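Architecture and fold: a report
Chain by chain, the residues:
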Amino acid sequence: MRIGVPKEIKNNEFRVGLTPDSVHEITAHGHEVFVETNAGAGIGASDANYEVSGAKILATAQEIFDAAEMIIKVKEPQAVERAMLRPHHILFTYLHLAPDEAQTADLVKSGATCIAYETVVDSQGGLPLLVPMSQVAGRLSVTAGAKCLEKINGGSGVLVGGVPGVEPAKVVVIGGGVVGSHAITMALGLGADVTVLDRNTQVLSNLSQTFGSALKTVYSTKAALEKQVLAADIVVGAVLVAGAAAPKLVTAEMISKMKPGSVVVDVAIDQGGCFETSKATTHSEPTYIVDEVVHYCVANMPGAVPRTSTYALNNATLPFALALADKGAKKALLDDANFLPGLNVHQGKVTCEAVATALGYDY
Ligand code: NAD
């Protein structure tokens, strides 16, 4: 199959659909890969790196779309990219169609086969192509929080790990799923005093087994949550209620009672946030202060580390990309009941129930 990788054009997006290593795997399967010039610049991969891996470099996105049968990207296609999609194309990327009427209409009109990373499932009902980005965001949440604790950034001036003879910071993680468990790994690694709250006792048991007595686990009631939040130096918000906006677990009143210079990192901000005082921020202005509490609420945290994020994403997407290339879309999707839910739009029809329901399409 002929596979195309255009340079990402969404504002501040530095990731890329395929790494040179992935290109090498795909070409070793006998496929051709076309990469737009400079597509890998944001992850430190040069055109020469891609050429060594077997890719052919093309000058423009139009040439990529003209040459390829399958387009592999990271972000949803922007309007100019959608205009280049044709019925013979397979598009494999994050789409997030439910809140995006204009994109959905264009993909339907294109006649292309559009497969979304975020709706591929695994045998436990998890979302394996979202997991890598949650891992990255979870790990980043603690380093971001640590930076915010510095005095110059409005923080209380506490070093997360302390030093011998001086107490470390108290890090409280709300939600012990993928983001939460990776935040815990980092916080414990830095030497913090770490507590996790979750409403799922099985999650708490698993975390307790994984991290042992270094981690304090607390069942998340309103009272327990308030007690932990008021004592914290850093609170990481990492809850998810599938298919719903994040619950506002930490009220504005609790924030006003937190220690001056403490920090909240609202990773769940992409679902509306779990602190009442949260509003989405960007990497160029990541923080703001409410009641002397520093708020970090960046909605696309993995964008800060495009190199790690791209490699992590490719580890998860490559097997699916290879299946599409080796078998063609129809067989690859029908052979794998976990992959099939990834199909969002096909030959002018919305094929994902959630998207169809949200936007009023026949399903
Ligand atoms: P997950 O499903 O793996 O974990 C969520 C956890 O929250 C679960 O263990 C669940 O039991 C717990 N939970 C739900 N309600 C709770 C409550 N009331 N109190 C305590 N715990 C509760 O989800 P995840 O992959 O860890 O993602 C967490 C959030 O981070 C999601 O909103 C996701 O979209 C977001 N996220 C944001 C970024 C970013 O850049 N900002 C990046 C990746 C993920």
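The coordinates are above.
Residues numbered from 1 in each chain as written. Predicted model: local features only at pLDDT ≥ 70, side-chain atom pairs only at ≥ 80, totals over all residues. Heavy atoms only, no water.

On to the pattern of salt bridges, then. In this structure the tally under the stated criterion is 13 salt bridges. One salt bridge connects E13 with R15, and the closest N-O pair in it is separated by 2.8 Å. The same class applies to E13 as to R15, namely buried. Each of the salt bridges in this network shares a partner with another, and the network as a whole consists of E8, K73 and E81. (Salt bridge = Lys/Arg side-chain N within 4 Å of Asp/Glu carboxyl O. Buried < 20%, exposed > 50% of the residue type's maximum accessible area, 1.4 Å probe, protein only.)

This brings us to the pairing of strand 8 (residues 193–198). In terms of burial, strand 8 is a largely internal element, five of the six residues being buried. Relative to strand 8, strand 7 (residues 170–174) runs parallel, the two being bridged by five bridges. Across the sheet, the residue bridging to V171 is V194, located in strand 8. Remark: the strand 7/helix 7 (residues 178–189)/strand 8 crossover connection has right-handed handedness. (Helix = DSSP H or I, 4+ residues; strand = E, 2+ residues; numbered from the N terminus. Pairing = 2+ DSSP bridges. Right-handed = clockwise from strand over helix to strand, strands pointing away.)

In this section: the site of the ligand. Inspection of the region around the ligand gives 27 residues, with S134, V179, D198, D270 and M301 positioned closest. For the ligand, a nitrogen atom lies 3.0 Å from a polar atom in the backbone of V267. Separating an oxygen atom of the ligand from a backbone N or O atom of M301 is a distance of 2.7 Å. In the complex, the protein chains occlude 86% of the 870 Å² of accessible area that the ligand would expose alone. If you list the elements that add at least two residues to the shell around the ligand, you get helix 6 (131–148) and helix 7. Element by element, the count of residues in the shell around the ligand is highest for helix 6, at three residues. (Near = heavy atom within 4 Å. Polar contact = N/O pair within 3.5 Å; in protein donor to acceptor, adjacent residues only side chain to side chain. Areas by Shrake-Rupley, 256 points an atom, 1.4 Å probe, with all protein chains shown as cover.)

Spatially, eight strands are ordered 3-2-1-4-5-6-14-15 in an open sheet, and the strand pairing comes out mixed. At either end of the open sheet lies a strand with only one pairing partner, and these are strand 3 (55–58) and strand 15 (349–350). Judged from the two bridges that link them, strand 6 (residues 113–116) and strand 14 (residues 343–346) form a sheet pairing that is antiparallel. Note on strand 14: the bridge partner recorded for C114 is V345.

With that settled, the discussion passes to a nonpolar patch on the surface. A cluster of nonpolar residues, L159, V163 and V166, forms a patch on the protein surface that exposes about 280 Å² of accessible area. One can find V163 in the loop between helix 6 and strand 7. When its relative accessible area of 44% is taken as the criterion, V163 is described as partly exposed. (Patch = residues over 30% accessible without salt bridge, like charges linked within 9 Å, V, L, I, M, F, W, Y side chains within 5 Å.)

Before going further, it helps to spend a moment on helix 11 (residues 306–327). Relative to the 32 Å expected for 22 residues at 1.5 Å per residue, helix 11 spans 30 Å between its end C-alpha atoms, a close match to the ideal helical length. Maximal helix bending in helix 11 amounts to about 45 degrees, located at T317; proline P319 follows within four positions. Of the residues trailing helix 11, G328 is marked for its positive phi of about 85 degrees. (Expected span 1.5 Å × (residues − 1). Bend = angle between axes of the 7 residues up to and from the residue.)

Let's shift gears to the state of the cysteines. Counted according to the given criterion, the structure contains zero disulfides. Summary of cysteine pairing: C114 is not part of a disulfide, and the nearest cysteine sulfur, belonging to C352, is at 12 Å. Here C114 falls in the buried class, since its relative accessible area comes to 0%. (Disulfide = S-S within 2.5 Å.)

Bringing the nonpolar core into the picture now. Within the largest apolar cluster, 40 residues are counted, with the highest numbers of intra-cluster contacts made by V33, Y50, F92, L324 and F339. Mapped by element, the contributors of at least two residues to this core are strand 1 (2–5), helix 1 (20–28), strand 2 (32–36), strand 3, strand 4 (70–72), strand 5 (90–93), helix 11 and helix 12 (329–334). Broken down by element, the residue count for this core peaks at 10 residues, all from helix 11. Excluding its chain neighbours within four sequence positions, the residues that come into contact with F92 are I71, I72, K73, I115, Y117, L129, T317, F320, A321, L324 and F339. In terms of nonpolar packing, the next biggest core, distinct from the first, is built from 33 residues, A192, I234, V236 and M301 among them. (Core = buried A, V, L, I, M, F, W, Y, C linked by side-chain atoms within 4.5 Å. Contact = heavy atoms within 4.5 Å.)

Below, the discussion takes up the pairing of strand 3. Here four bridges tie strand 2 to strand 3, and the two strands are oriented parallel to one another. Opposite V33, over in strand 3, you have A55 as the bridge partner. Each parallel crossover has a hand, and the one from strand 2 via helix 2 (residues 47–52) to strand 3 is right-handed.

Okay, helix 1 next. Every buried residue belonging to helix 1 is among P20, S22, V23 and I26, and all of these are buried. The buried side chains of helix 1 occupy one side of the element, clustering within an arc of 155 degrees when seen end-on. Exposed residues on helix 1 whose side chains face more than 90 degrees from its buried face are D21 and A28. As for helix 1, its buried residues are in contact with strand 1, strand 2, helix 2, strand 3 and helix 11. Following helix 1 by one or two positions, G30 has its phi on the positive side, about 90 degrees. (Arc of directions from axis to C-beta.)

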